[in-house]
Amino acid sequence: MERPPETDAAQPWGKIKPSSAAMRITNPIRDIVDKLKLPQNPTKTPLSLSIGDPTVFGNLVVPPEIERALVQNINSHNYNGYTLSHGYPSAKQTIASKYSLPEAPLTADDVIIASGCSGALEIAIGALVNEGDNVLIPAPGFSLYQTICAFRGAESRFVYVSKSQTQKFPTRSLLSADTTN
C-alpha cells in the first residue's frame, strides 16, 4: 500500500461538507430543550427527567438483583465481547416466551433486540421505508418518527388522534390523510 504524501501539520483541514441526509433533519425535542430557559425555584430541587439515558442524573437506580446478575455474567467471561447485532438467542427466547399469546405465538426468530427506542425505530423505519415514501405518523406523537423519516428521504404525514380516540384506531383520520406524492 502506498503511503499518503506528507503534508504541513499547520495546514487546516477546511470545512467538511455534511451529507444531504444530514442537512434535511432536525430533532424537534432537542430544539425545544436547548431553547428552554425556565426560572429556578429556590425552594425546590429540580428533578431532571433528561433526554436519552435516564441514569445520567441518578433517576433510575439499578436493582441489586440486576447488579449481581451483571457481575456474574462478567465473571463468567461468556459475555465480555460484542453480542449478535439482533441480540443473544437466550434473551430473544425469554422475550418471545413472555410476550407470546395463543393467538399470536412468538419464537426467538420473531424478536430483534435493539439499543433503546431510538435504535428500534431506526431499524424498523430503515427496513420498511424508501426514499420518497409517505409515512403516516400519529399526532400528537413521538417526534423521532419524523426525524428518522426525513433522514431517509421520506415524507411524514400526520394522522391526528383526539383524546377521545386514544382507545381505538383513528380510521377517519387515516382515510383522510393525503398520501399522494
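Coordinates for the structure precede this section.
Peer 1: Give a description of the pattern of salt bridges that names residues and reports values.
Peer 2: Considering all chains together, one arrives at 2 salt bridges under this definition. Residue Glu122 is joined to Arg152 by a salt bridge in which the shortest nitrogen-to-oxygen separation is 3.9 Å. Residue Glu122 is found in helix H5 (residues 116–128), and its partner Arg152 is found in the loop between helix H6 (144–151) and strand E2 (155–160); the two are separated by 30 residues along the sequence. Looking at Arg152, the relative accessible area reads 31%, which means it is partly exposed. When the shortest N-O distance is used, the salt bridge between Arg157 and Glu155 registers 3.0 Å. The class of Arg157 is buried, set by a relative accessible area of 12%. Given a relative accessible area of 35%, Glu155 falls into the partly exposed group.

Peer 1: Give me the lowdown on the side chain of Arg157, citing residues and values where you can.
Peer 2: If you trace the backbone, Arg157 turns up in strand E2. Here Asn134 takes part through its side chain, which lies 3.3 Å from a polar atom of the side chain of Arg157.

Peer 1: Can you break down the environment of Thr94 residue by residue, with the values?
Peer 2: With respect to the helices, strands and loops of the structure, Thr94 is situated in helix H4 (residues 89–99). Thr94 sits in the exposed class, given a relative accessible area of 54%. One polar contact links the side chain of Thr94 to the main-chain carbonyl oxygen of Ser90, over a distance of 2.9 Å.

Peer 1: Quick one: what's the story with the packing of aromatic side chains, residue by residue and with numbers?
Peer 2: Following the criterion strictly, the structure yields 3 aromatic pairs and no others. Ring centres of Tyr79 and Tyr88 lie 5.1 Å apart, and the angle between their planes is 90°; this geometry places the pair in the edge-to-face category. Pairing Phe158 with Tyr160 gives two aromatic rings, centres 6.4 Å apart and planes at 45°, and the pair type is tilted. With a relative accessible area of 30%, Phe158 lands in the partly exposed category. Directly above the aromatic system of Tyr99 lies the positively charged group of Lys98, at a separation of 5.7 Å from the ring centroid.

Peer 1: Lay out the pairing of E2 with the relevant residues and their values.
Peer 2: Where strand E1 (residues 134–139) and E2 come together, 6 bridges link them in parallel fashion. Each bridged residue has a counterpart across the sheet, and for Pro138 the counterpart in E2 is Val159. Between the parallel elements E1 and E2, the chain passes through H6 in a crossover that is right-handed.

Peer 1: Account for a nonpolar patch on the surface, with residues named and values stated.
Peer 2: A cluster of nonpolar side chains, contributed by Ile29, Ile32, Val33 and Phe142, occupies part of the molecular surface with about 320 Å² of accessible area. Tracing the backbone shows Phe142 in the loop between E1 and H6. Here Phe142 falls in the partly exposed class, since its relative accessible area comes to 34%.

Peer 1: How would you sum up H6? Please name residues and give values.
Peer 2: Residues Leu144, Thr147, Ile148, Cys149 and Ala150 constitute the buried set of H6. Taken from the residues just after H6, Gly153 is the one with a positive phi, measuring 80°.

Peer 1: Could you give an account of unusual backbone geometry, with specific residues and numbers?
Peer 2: Along the chain, Ala139 connects to Pro140 via a cis peptide bond; the corresponding omega equals 0°. Inspection of the secondary structure assignment puts Pro140 in the loop between E1 and H6. Although it is not a glycine, His77 adopts a positive phi angle of roughly 60°. Along the polypeptide, His77 turns up in the loop between helix H3 (64–76) and H4.

About the thresholds
Per chain, residue numbering runs from 1 following the sequence as it is written. The model is predicted, so local features are restricted to residues of pLDDT at least 70 and side-chain atom pairs to those at 80 or more, both for listing and for counting; the totals for chains, interfaces and linings are taken over all residues. With hydrogens and water excluded, all non-hydrogen atoms of the structure serve as input to the side-chain values. The working definition used for a salt bridge is a side-chain nitrogen of Lys or Arg within 4 Å of a carboxyl oxygen of Asp or Glu. Secondary structure is summarised from DSSP: a helix means a run of H or I of at least four residues, a strand means a run of E of at least two, and numbering begins at the N terminus for each. Residue exposure (1.4 Å probe, protein chains only): buried if accessible area is under 20% of the type maximum, exposed if over 50%, otherwise partly exposed. We define a polar contact as two N or O atoms separated by no more than 3.5 Å, with the added condition that, inside protein, one atom must be a possible hydrogen donor and the other a possible acceptor, whereas residues neighbouring each other in sequence contribute only through side-chain atom pairs. Any two rings among Phe, Tyr and Trp, with Trp reduced to its six-membered ring, count as a pair given centres within 6.5 Å; such a pair is stacked if its planes are under 30 degrees apart, edge-to-face if over 60, and tilted if neither. For a Lys NZ or an Arg CZ to count as sitting over a ring, it must be within 6 Å of the ring centre and within 35 degrees of the ring normal. Strand pairing is defined by DSSP finding a minimum of two bridges between the two strands. Note on handedness: a crossover is taken as right-handed if, strands pointing away from the viewer, the path from the first strand over the helix to the second is clockwise. Two joining distances apply to patches: 9 Å for like charges and 5 Å for nonpolar side chains (Val, Leu, Ile, Met, Phe, Trp, Tyr), and every residue must have over 30% relative accessible area and no salt bridge. Here the Shrake-Rupley method, with its probe set to 1.4 Å, supplies the accessible areas, and only the displayed protein chains count as covering residues.

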